[in-house]
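# Topology and contacts: notes
Read off the chains here:
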Amino acid sequence: GVISAVGKSKSYSYSGSANFLPPGLPKSLPPLPNLLADMLNSDSDSIHFASSDFGNIVRHAPVAVLRPSSLNDVISLVKSSYGSSTPFTIAARGCGHSIRGQAMAHGGVVVEMLSLREHAMNNNNRGRTVVSSVYDSHTQKNRHYADVGGDTLWIDVLHETTEQGLTPVSWTDYLYLTVGGTLSNAGISGQTFRTGPQISNVQELDVVTGTGELLTCSPSNNSELFYAVLGGLGQFGIITRARIALEPAPTRVKWIRMLYKDFGDFTRDQERLISDNRRKQSKGLNYLEGILLVNQGSPDNWRSSFFPPSEHARILGLVKKHGIIYCLEVAMYYDDHYHDYVDKDLEDLLGGLGDIPGFRFTKDVSYVDFLNRVRPGEIQLQSQGLWDVPHPWLNLFVPRSRISDFNDGVFKNIVLRNNITTGIILVYPMNRNKWDDRMSAAIPDEEVFYTVGFLQASGFHDWQEFDQQNRQIIQFCEEAGISIKQYLPHYRTREDWAKHFGIKWCNLCQQKTQFDPKKILSPGQMIFS
Ligand code: FAD
């Protein structure tokens with residue numbers, strides 16, 4: 001890129017990868033205050049980095065990248081755009097683990113939020129997690145919470161809270177994601193059925209709105225902003241701090257997988273376990289997911305190597321015989337006090353399930369290793385150069401009443417027939433009553449719904465084949481009248497977004513006008529731009 005100084009302020013024009021910019025987009029920023037302009041980068045490495053994401057499918061170049069050293073830099077940038085007669089778009093970028101350019105800003109400025117984390121670490125402020133406790137006279141117990149920067153990685157939150165014997169309750173499977181990034185979506189994993197998504201476990205936020213105002217919000221203070229931001233796809237403000245609920249941390253986890261050949265048995269047991277979780281004296285399961293095993297050479301996958309190698313052939317024999325094997329995965333946390341009861345509790349909870357006899361496998365791991373179970377696989381893929389391939393992922397929420405039709409129409413008819421799937425297919429249920437409908441996140445209108453994740457990796461030249469399969473899946477659902485919602489959604493038209501958000505849409509449009517009137521923030525979601 002080319003940087004030119006103009007008088008007391010600097011203006012930015014863009015030449016590095018101009019071919020990324022379609023006609024009509026601004027190729028330069030309006031003059032900015034010197035201090036801020038000094039922090040903007042438009043060298044080709046910075047632009048290249050901010051023009052890509054984990055999906056590796058789309059590329060949209062910004063004019064410049066801001067590496068903020070403090071919250072004030074973020075505020076100044078947004079104010080500069082908002083105050084200008086030619087406002088430019090701004091995207092907060094966490095880890096860029098989006099799939100379709102959601103954290104990109106075509107012709108605008110990308111804010112590398114991780115730069116705040118680096119500055120905090122360099123200043124010996126290791127992370128940005130501050131743990132506090134208050135006495136709750138209502139429950140007569142201490143209530144614990146952590147204040148964390150929007151740029152903080154969940155892995156840091158895990159380490160810094162467990163050091164103090166505490167932990168957040170709701171997680172994602174993979175922890176190298178920022179708090180701001182997952183709270184803009186929902187943050188789901190096997191805990192969601194019990195604790196709700198991560199957005200259900202936030203007590204307060206600091207947010208820089210699209211006018212450059214820094215506001216604190218919570219259910220009782222600026223509540224409209226609070227609910228809009230949670231699951232709000234970055235549209236209403238940049239999250240700079242979140243207050244996350246904590247509980248005492250367990251130390252160990254019993255982690256179990258069992259196999260099913262019949263989808264009806266598999267989902268019946270999943271639903272029974274999430275509804276009837278705390279039977280008798282049991283404290284119940286803490287985690288429940290499900291994985292499809294289709295013929296891919298190994299029953300394990302990069303997200304977790306679980307099955308004993310000596311059992312692989314036996315499991316693959318089942319997969320070969322039945323085409324698809326459904327793997328139910330559960331976990332129960334425990335600590336020293338609970339040590340003597342955990343096995344009996346699990347036996348009670350898992351007794352009478354319809355899994356295939358002789359195919360239950362158990363692991364006993366530390367709590368931190370369990371939550372960070374995806375990381376070793378990532379490191380291995382990184383070392384093989386396989387982490388940066390295209391990822392044409394598709395994540396859906398499917399209403400419970402149609403999950404059997406989904407199995408017949410999608411898993412059996414599309415996935416098995418196409419036989420191109422290289423990656424992981426997750427399928428597990430969650431309870432709607434653990435979500436808060438005042439938040440922006442869109443979910444199906446049924447008490448129980450499933451998340452289905454097609455987490456595929458492709459070659460650089462064949463991702464279109466997977467994309468085609470994703471379209472086929474969505475088309476099947478449309479034709480069969482299955483009211484799916486996309487998670488980590490990607491739409492191109494206003495009509496599709498309106499349909500996605502349903503009855504929340506009108507409200508969201510008003511909130512956009514209120515909190516980001518010049519439509520500056522997170523343009524890569526392509527909702528209002
Ligand atoms: P980015 O991709 O950088 O940003 C996502 C969106 O949020 C963009 O629109 C961006 O502008 C906006 N944004 C970023 N930071 C902020 C902020 N501070 N304030 C406001 N808006 C902001 N998700 C789950 O729920 N559960 C999982 O188990 C899970 N596993 C994953 C595993 C892998 C390997 C990957 C790559 C992704 C996974 N995800 C999962 C998806 C993940 O939650 C989303 O991609 C999320 O957006 C990633 O966070 P990020 O920090 O990389 O955000």
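Residues numbered from 1 in each chain as written. Predicted model: local features only at pLDDT ≥ 70, side-chain atom pairs only at ≥ 80, totals over all residues.

### What about the overall build of the chain?
Cut-off, in case you're wondering: Secondary structure is summarised from DSSP: a helix means a run of H or I of at least four residues, a strand means a run of E of at least two, and numbering begins at the N terminus for each. It is over C-alpha atoms that the radius of gyration is taken, and the globule rule equals 2.2 Å times the number of residues to the power 0.38. With C-beta atoms placed from the backbone, a contact is any residue pair whose C-beta atoms sit within 7 Å.
Tallying secondary structure elements over the chain gives 17 helices and 21 strands in all. Over its C-alpha atoms the chain spans a radius of gyration of 23 Å, differing by no more than 12% from the 24 Å that the globule rule assigns to 529 residues. Its C-alpha atoms put the chain at 75 × 60 × 45 Å along the principal axes. A separation of at least 24 residues holds for 74% of the contacts in the chain among residues at least 6 apart in sequence.

### A few points about the pairing of strand S11 (residues 202-209)
Formally: Two strands make a pair as long as DSSP finds a minimum of two bridges between them.
Bridge analysis of S11 against strand S13 (residues 237-248) gives seven bridges, and the strand direction is antiparallel. Counted as the bridge partner of Leu 205 is Ala 242 from S13. Bridge count for S11 against strand S12 (residues 214-217) is four bridges, and the pairing is antiparallel. Pairing of Val 207 across the sheet is with Leu 215, part of S12. Where S11 hands over to S12, the hairpin turn is made up of four residues, of which Gly 212 adopts a positive phi near 90°.

### Re helix H17 (residues 505-515)
Quick reminder of the rule: Any residue surrounded by 20 or more other C-beta atoms within 10 Å of its C-beta is treated as buried, while 12 or fewer makes it exposed and the intermediate range makes it partly exposed; C-beta atoms here are placed from the backbone. By arc we mean the arc of the directions from the helix axis to the C-beta atoms, nothing more.
Listed as buried for H17 are Leu 508, Gln 511 and Phe 515. The buried residues of H17 occupy an angular sector of 60° when the element is viewed end-on, so they sit on one face. Opposite the buried face of H17, at more than 90 degrees from it, the exposed residues are Cys 506 and Gln 510. Summarising the contacts, the buried residues of H17 are in contact with S11, helix H8 (223-229), S13 and helix H16 (494-501).

### Re unusual backbone geometry
Its identity as a non-glycine residue notwithstanding, Leu 233 has a phi of 55°, on the positive side. Note that Leu 233 resides in the loop between H8 and S13. Taking the C-beta count within 10 Å as the criterion, Leu 233 has 23 such neighbours and is therefore assigned buried. Notably, Lys 519 is not glycine yet its phi reads approximately 55°, a positive angle. Position of Lys 519 among the secondary structure elements: in the segment after H17.

### Regarding the confidence of the model for the chain
Condition: Every residue carries a pLDDT, the predictor's confidence in it, which falls somewhere between 0 and 100.
With 93% of its residues at a pLDDT of at least 70, the chain reaches an overall mean of 91. In this model, residues 1-9 is a region of pLDDT below 50 whose contacts with residues beyond four sequence positions or in other chains number 23 contacts. The model gives residues 14-25 a pLDDT under 50, and that stretch makes 26 contacts with residues more than four places away or in other chains. Overall fold confidence (pTM) sits at 0.94, and the ipTM for the predicted complex is 0.99.

### Some thoughts on the sheet that holds strand S5 (residues 64-66)
As summarised here, the arrangement of the four strands in space is S4-S5-S7-S6, forming an open sheet in which the pairing is mixed. What marks the edges here is a single partner per strand, and that holds for strand S4 (40-41) and strand S6 (90-93). Relative to strand S7 (residues 109-112), S6 runs parallel, the two being bridged by four bridges. Residue pairing for S7: Ala 91 is matched across the bridge by Val 110.

### Describing the environment of Ser 440
With respect to the helices, strands and loops of the structure, Ser 440 is situated in the loop between strand S19 (423-431) and strand S20 (448-456). When the 22 C-beta atoms within 10 Å are taken as the criterion, Ser 440 is described as buried. For Ser 440 and Met 332, which are 108 residues apart along the polypeptide, the C-alpha to C-alpha distance reads 31 Å.

### Quick look at the pairing of S7
A two-sided burial pattern is seen for S7, the buried positions comprising Val 109 and Val 111 on one face and Val 110 and Glu 112 on the other. Note: S5 against S7, three bridges, orientation parallel. Bridge assignment links Val 65 to a residue of S7, and that residue is Val 110.

### Observations regarding the site of the ligand
Stated precisely, the cut-off is as follows: We count a residue as near a molecule or strand when its backbone-placed C-beta atom lies within 6 Å of that partner. Gly is placed with the polar residues, together with every amino acid not listed as nonpolar (Ala, Val, Leu, Ile, Met, Phe, Trp, Tyr, Cys and Pro) or charged (Asp, Glu, Lys and Arg). Where each domain begins and ends follows an automated or database-derived domain assignment.
Not every one of the 35 residues close to the ligand is listed here, only the nearest: Gly 94, His 97, Gly 150, Gly 180 and Gly 181. For the shell around the ligand, the secondary structure elements donating two or more residues are S6, helix H6 (179-183) and S13. Residues of the shell around the ligand, tallied by class, amount to 14 nonpolar, 19 polar and two charged. Looking at which domains feed residues into the shell around the ligand, each of domain 1 (2-113) and domain 2 (129-248) supplies at least three.

### Considerations on the domain arrangement of the chain
Here the chain is described as being made up of domain 1 (2-113), domain 2 (129-248) and domain 3 (252-486). Between the C-alpha centres of domain 2 and domain 3 the distance comes to 25 Å. Every contact between the two is made by 24 residues of domain 2 and, on the other side, 24 residues of domain 3. Among the elements that line the side of domain 2 that touches domain 3, the one with the most residues is helix H7 (residues 192-195), at four residues. When the residues that make up the side of domain 2 that touches domain 3 are grouped by side-chain class, the tally is 13 nonpolar, nine polar and two charged.

### What about the nonpolar core?
We apply this condition: A set of buried Ala, Val, Leu, Ile, Met, Phe, Trp, Tyr and Cys residues, joined through C-beta atoms within 7 Å, is what we mean by a nonpolar core.
Judged by nonpolar contacts, the single largest core of 131 residues is most densely connected at Ile 90, Val 109, Val 111, Val 229, Tyr 326, Ala 331 and Val 398. Per-element accounting of this core gives the leading share, nine residues, to strand S16 (residues 325-334). Once you skip the residues sitting within four places of it in the chain, Val 398 turns out to touch Ile 403, Phe 406, Phe 449, Tyr 450, Val 452, Ile 482 and Ile 484.

### Notes on the packing of helix H14 (residues 403-418) against helix H15 (residues 463-480)
Counted only if it meets this: Note on geometry: axes are C-alpha line fits, over the in-contact stretch for helices, and angles between N-to-C directions span 0 to 180 degrees. In these notes the angle categories are as follows: under 35 degrees is roughly parallel, over 145 is roughly antiparallel, 65 to 115 is roughly perpendicular, and the rest is oblique. For any helix crossing, the convention is left-handed if the near helix is rotated counterclockwise from the far helix by under a right angle, and right-handed if that rotation is clockwise.
Look at H14 against H15: their axes get within 11 Å of each other, and the N-to-C directions meet at 150°. Classified by the angle their axes make, H14 and H15 are roughly antiparallel. Seen from above, H14 lies across H15 with right-handed handedness. Of H15, the residues touching H14 (which contributes Asp 405, Gly 409, Val 410, Ile 414 and Asn 418) are Gln 469, Gln 472, Ile 473, Phe 476 and Ala 480.

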